[in-house]
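Survey of secondary and tertiary structure
So you can see what is in the structure, the chains are spelled out below.
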Amino acid sequence: MTDQSFTTAFTVEQTPDAAFAAINNVRGWWSEDISGPTDQVGQAFKYRFHDIHRCEIQVTELVPGKRVAWLVLDNYFNFTRDDTEWTGTQIVFDIARKDGLTEVRVTHLGLVPEYECYDACTNGWTTYVNGSLRDLIMTGKGQPNVGEPMNETERALAS
């Protein structure tokens, strides 16, 4: 059986080290509402978006220019029957040189189509990863969540 975990990827002209640095600047691409260190193995940080989504994530792996991995320690959604759907899942950022470009591949291991949050979560990851993170790597400026819903999915969940 093939793994149905969510994955997405993009390429940029910047170096793997630049991509690695941007990924670890979680406040620069995902949300400004992050507390705790996002760039230290063994440490945990907390994410919050209104009362819609909260999670605690532990940094489990940092390989400069190659990989960043996180483990979701705790999760809460206000829009699913099982508000802990992400708990125990892993989010992995793999960085590699391909054809003179840097590829960033993000896999949320355990975020599968059977999850009630799958559509909203994959839309969110696509927006943050392929939009905001990619922009942060390419231009030095992402579009992190600053407290207001930033896309149609989040606006729908907030209402």
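Just above sits the structure.
Overview of the structure. All values reported here derive from a predicted model rather than from experimental measurement. (Residues numbered from 1 in each chain as written. Predicted model: local features only at pLDDT ≥ 70, side-chain atom pairs only at ≥ 80, totals over all residues. Heavy atoms only, no water.)

**Considering the overall build of the chain**
Across its full length, the chain holds 4 helices and 7 strands. Ordered by position from the N terminus, the helices and strands of the chain form the series β-α-α-β-β-β-β-β-β-α-α. Computed over C-alpha atoms, the radius of gyration of the chain comes to 15 Å, within 12% of the 15 Å expected from 2.2 N^0.38 for 159 residues, which places it in the range of a compact globule. Taking the principal axes of its C-alpha atoms as reference, the chain extends roughly 45 × 40 × 30 Å. Counting only residues that meet the buried cut, the chain has 42% of its 159 residues in that class. A sequence separation of at least 24 residues applies to 53% of the contacts in the chain between residues at least 6 apart. Carbon together with sulfur atoms contributes 47% to the accessible area of the chain, which is approximately 7800 Å² in total. Measuring between centres, the 13 positive side-chain charges of the chain sit 5 Å from its 23 negative side-chain charges. (Helix = DSSP H or I, 4+ residues; strand = E, 2+ residues; numbered from the N terminus. Rg over C-alpha atoms; globule rule 2.2 N^0.38 Å. Buried < 20%, exposed > 50% of the residue type's maximum accessible area, 1.4 Å probe, protein only. Contact = heavy atoms within 4.5 Å. Areas by Shrake-Rupley, 256 points an atom, 1.4 Å probe, with all protein chains shown as cover. Lys, Arg positive; Asp, Glu negative; His and termini not counted. Charge placed at Lys NZ, Arg CZ, Asp CG, Glu CD.)

**Here's the deal with the pattern of salt bridges**
What the rule picks out here adds up to 7 salt bridges. Between Arg-48 and Asp-33 there is a salt bridge, with the nearest N and O atoms lying 2.7 Å from each other. Of the two residues, Arg-48 sits in strand S3 (residues 44-49) while Asp-33 sits in the loop between helix H2 (26-29) and strand S2 (34-35), which places them 15 residues apart along the sequence. Take Arg-48: its relative accessible area is 39%, and that puts it in the partly exposed class. (Salt bridge = Lys/Arg side-chain N within 4 Å of Asp/Glu carboxyl O.)

**As for the nonpolar core**
The biggest cluster of nonpolar side chains holds 38 residues, and the ones touching the most others in it are Trp-29, Trp-30, Trp-70, Trp-86 and Trp-125. Top element by residues in this core is helix H3 (residues 118-139). It accounts for 8 residues. Apart from the residues within four sequence positions on either side, Trp-125 is in contact with Phe-6, Trp-29, Trp-30, Trp-70, Trp-86, Ile-91, His-108, Leu-111 and Asn-130. (Core = buried A, V, L, I, M, F, W, Y, C linked by side-chain atoms within 4.5 Å.)

Functional significance is not addressed by these values, which are geometric in nature.
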